[in-house]
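Residue-level structural notes
So the chains spell out like this:
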Amino acid sequence: SFHWVRGHNEHPENEECDRLAVLARDEAGIAAIRACEGTNTPIAYRALYGYHPRLNPTRLFDSYDDHPRKRFMFDGTPIPDGVKPKPYSYTTAAGALQITESTFDRVTRIIGRRDFSPASQVEIGKFLIEEAGALDDLRAGRLTAFAAKCSPIWASFPMSKSGQPKHSMDFVRKAYRAAGGEEAK
């Protein structure tokens, strides 16, 4: 656990402590997202929609070169190549943060990455958190505000309006704390 104190008058060691505290909160936020998405195992950076470490451990993609671009019905049924499903009846979510193909394409054009490596997935996740206006909340330890702003992005978050099963705010808190995050007092 850590406690972030802002400032320190630009003293190099203190600035490094601030940088590490910010990094720790960022990592705890990513860990909370992964816990909610069911992708909090190391191999889950290769997870396709429907992956589960015990129930469906082989639902994985092979290469980090690009987003895997595989489509699945929301019940988990794979959609064969060449079949065009109805709009909004399927997902292309993949990776540890369950990033969709369209989100990947949009964000990688902005941030200048093209691969789907674990580092790229985390960078895309941080971009989405910032785009949602939740990065300052995350870094300040305002976990409820962070979760509320990220719920439109990650359907498993507590305040999500999607039809997908959601986790409670207590679940988010436990995952965040287990990853070293500390809420603001």
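Described below are features of the structure shown in this document. (Residues numbered from 1 in each chain as written. Predicted model: local features only at pLDDT ≥ 70, side-chain atom pairs only at ≥ 80, totals over all residues. Heavy atoms only, no water.)

**Examining unusual backbone geometry**
A positive phi angle, close to 55°, is found at R69, a residue other than glycine. Structurally, the position occupied by R69 is in the loop between α1 (12-37) and β1 (72-73). Classification of R69 by relative accessible area gives partly exposed; the value is 25%. (Helix = DSSP H or I, 4+ residues; strand = E, 2+ residues; numbered from the N terminus. Buried < 20%, exposed > 50% of the residue type's maximum accessible area, 1.4 Å probe, protein only.)

**Observations concerning the environment of A140**
In this fold, A140 is placed in helix α4 (residues 135-140). Looking at A140, the relative accessible area reads 23%, which means it is partly exposed. Separated by 45 residues in sequence, A140 and K185 have C-alpha atoms that sit 9.9 Å apart.

**Details of the pattern of salt bridges**
This structure, assessed with the given rule, holds 13 salt bridges. Between R106 and E131 there is a salt bridge; the shortest N-O distance is 2.7 Å. Here E131 lies in helix α3 (residues 118-131) and R106 lies in helix α2 (residues 101-111), a separation of 25 residues in the sequence. Owing to a relative accessible area of 32%, R106 belongs among the partly exposed residues under this scheme. Residues E183 and R177 are paired through a salt bridge, measuring 3.0 Å at the closest nitrogen-oxygen approach. The exposure class assigned to E183 is buried, which follows from its relative accessible area of 18%. Counted as one network, the salt bridges with shared partners bring together D66, R69, E101, D105 and R114. (Salt bridge = Lys/Arg side-chain N within 4 Å of Asp/Glu carboxyl O.)

**Re the nonpolar core**
Formed by 37 residues in total, the largest nonpolar core has its most connected members in I33, I129, F146, C150, W154 and F157. Breaking this core down by element, the ones donating at least two residues are α1, α2, α3, α4, α5 (143-150) and α6 (169-178). When residues in this core are grouped by element, the largest group, 6 residues, is from α1. When neighbours within four sequence positions are excluded, I33 is seen to be in contact with L97, I129, F146, W154 and F157. (Core = buried A, V, L, I, M, F, W, Y, C linked by side-chain atoms within 4.5 Å. Contact = heavy atoms within 4.5 Å.)

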